[in-house]
Amino acid sequence: MAKTFNVTVQDQHFPVTAGGRLLDAALQNGVDLPHDCRAGQCGACTIELTQGITLGGEVGCGNILACQARVFSNLVITPHDAPDPMRCAGVVEEVSQLAADVVKVSVKPRRPIDWLPGQYMKLQFGRLPARSFSPTAKLSDGSFDDRLTFHIKQVRDGLVTPKLGHEITAGSKVTIEGPFGHAFLREDHAGRIVLLGSGTGFAPIWAIAAAARKASATRPMVLICGARSIESLYMQAALHQAHKHPQTRLQIVLEKRHAKLPTIPCGTPADHMPALNPDDVVFAAGSPRMVEKAREKAKIVGARFYADAFTPQGASRPAASTGLGRLARLFAAPGR
Ligand code: FES
């Protein structure tokens with residue numbers, strides 16, 4: 001008969017067959033460990049292995065992915081706490097265009113919602129289907145207030161996002177549910193943060209960057225921002241904030257090379273990551289391909305990795321303003 005081990009998580013206990021996957025055993029026994037993809041991709045199931053032996057899913061600093069870890073002794077594990085999701089009514093306070101296909105939407109919830117930078121909410125405007133978006137910090141100064149601010153890509157032929165700024169405007173009612181997701185900033189790690197955001201994946205990444213910078217002015221940070229083209233770089237105000245900080249190394253990456261800005265490299269943020277070390281923590285938000293590549297790089301060195309993968313939808317339209325002069329100045333200083 002197969003050997004069975006005992007797992008303790010806070011005040012709960014459950015059995016696992018030797019070599020069994022930790023998350024599977026927890027769920028089979030009615031213990032609701034945080035999880036999402038169950039495939040080692042998203043980091044949502046990251047927990048601290050306080051005591052015991054597992055194999056697989058190691059992500060550094062004593063943390064493991066419960067969906068990948070196989071159990072080979074009695075264990076004590078500690079989940080990383082996240083606020084409980086709630087549902088409340090709110091009102092849209094502002095819808096403004098950030099780029100040709102990206103809008104900023106500010107929502108005032110009727111009650112304060114406790115959320116962590118990097119998490120996401122489900123928004124339902126009227127009777128339209130709910131959609132998931134990540135709240136973020138102000139682009140101008142990285143501050144947060146009691147509003148929830150989202151950067152939303154308007155998907156051509158979409159059911160919801162093309163209505164933003166038209167049928168959905170200031171004063172529209174919205175139902176907010178959340179927060180969800182586990183790709184959030186942890187306070188138990190003081191090392192370097194490597195942040196990768198492509199497209200509106202910049203929203204959760206900027207929330208994490210702003211909160212981490214508020215917590216520590218000296219913490220090393222690498223911020224890699226990817227966009228389809230110069231016209232899609234709607235977050236230039238935030239990039240200037242990051243560029244000015246002596247402990248932040250900023251890299252902008254474009255999918256398409258720009259003839260007048262040849263120093264901006266092409267590719268995705270994952271193509272331009274620095275050499276990682278096991279003490280780094282890496283956050284990625286954007287296209288699944290970019291996220292997967294970043295995850296592989298983090299895995300090779302055993303760095304902690306959290307991700308929020310976005311499924312790309314629709315295509316960009318030409319933008320009105322490029323801000324070329326400001327971007328050229330941004331790249332005037334070497335090594336940033
Ligand atoms: S649920 Fe384990 S990595 Fe996504």
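Residues numbered from 1 in each chain as written. Predicted model: local features only at pLDDT ≥ 70, side-chain atom pairs only at ≥ 80, totals over all residues. Heavy atoms only, no water.

A. Just empty space enclosed by the protein, in detail. Tallied over the entire structure, the rule returns 2 cavities of 30 Å³ or more. Volume-wise, the largest cavity comes out at about 40 Å³. For the lining of the largest cavity, the elements supplying multiple residues, two or more each, are helix 2 (202–215), strand 18 (281–286) and strand 19 (304–309). Residues of the lining of the largest cavity, tallied by class, amount to 9 nonpolar, 1 polar and 1 charged. (1 Å grid on protein atoms, 1.4 Å probe; cavity = no way out; pocket = protein on both sides within 12 Å on 5 of 7 lines; lining within 4 Å. Points joined across faces, edges and corners; volume = space filled by probe spheres on them. Helix = DSSP H or I, 4+ residues; strand = E, 2+ residues; numbered from the N terminus. Nonpolar A, V, L, I, M, F, W, Y, C, P; charged D, E, K, R; others polar.)

B. Fine view of the pairing of strand 3 (residues 46–51). Sheet analysis places strand 3 next to strand 5 (residues 63–65), joined by 3 bridges and oriented antiparallel. For E48, the partnering residue across the bridge sits in strand 5 and is N63. The pairing of strand 3 with strand 7 (residues 75–79) spans 4 bridges and is antiparallel. Among the inter-strand pairings, L49 is bridged to a residue of strand 7, identified as I77. (Pairing = 2+ DSSP bridges.)

C. Representation of helix 4 (residues 288–301) within the structure. With 14 residues, helix 4 ought to run about 20 Å at 1.5 Å a step, and its terminal C-alpha atoms sit 21 Å apart, in line with that. Two residues or fewer after helix 4 comes G302, characterised by a positive phi angle close to 80 degrees. (Expected span 1.5 Å × (residues − 1).)

D. Local environment of the environment of L223. By the element assignment, L223 lies in strand 16 (residues 221–227). Given a relative accessible area of 1%, L223 falls into the buried group. For the pair L223 and P15, spaced 208 residues apart in sequence, the C-alpha to C-alpha distance is 42 Å. Leave out the neighbours within four places in its chain, and L223 touches L195, F202, I205, A242, T248, R249, L250 and Q251. (Buried < 20%, exposed > 50% of the residue type's maximum accessible area, 1.4 Å probe, protein only. Contact = heavy atoms within 4.5 Å.)

E. Just a nonpolar patch on the surface, in detail. Together, I53, L55 and F72 make up a nonpolar patch on the protein surface, roughly 300 Å² of accessible area in all. With respect to the helices and strands, the residue I53 is situated in the loop between strand 3 and strand 4 (54–55). (Patch = residues over 30% accessible without salt bridge, like charges linked within 9 Å, V, L, I, M, F, W, Y side chains within 5 Å. Areas by Shrake-Rupley, 256 points an atom, 1.4 Å probe, with all protein chains shown as cover. Salt bridge = Lys/Arg side-chain N within 4 Å of Asp/Glu carboxyl O.)

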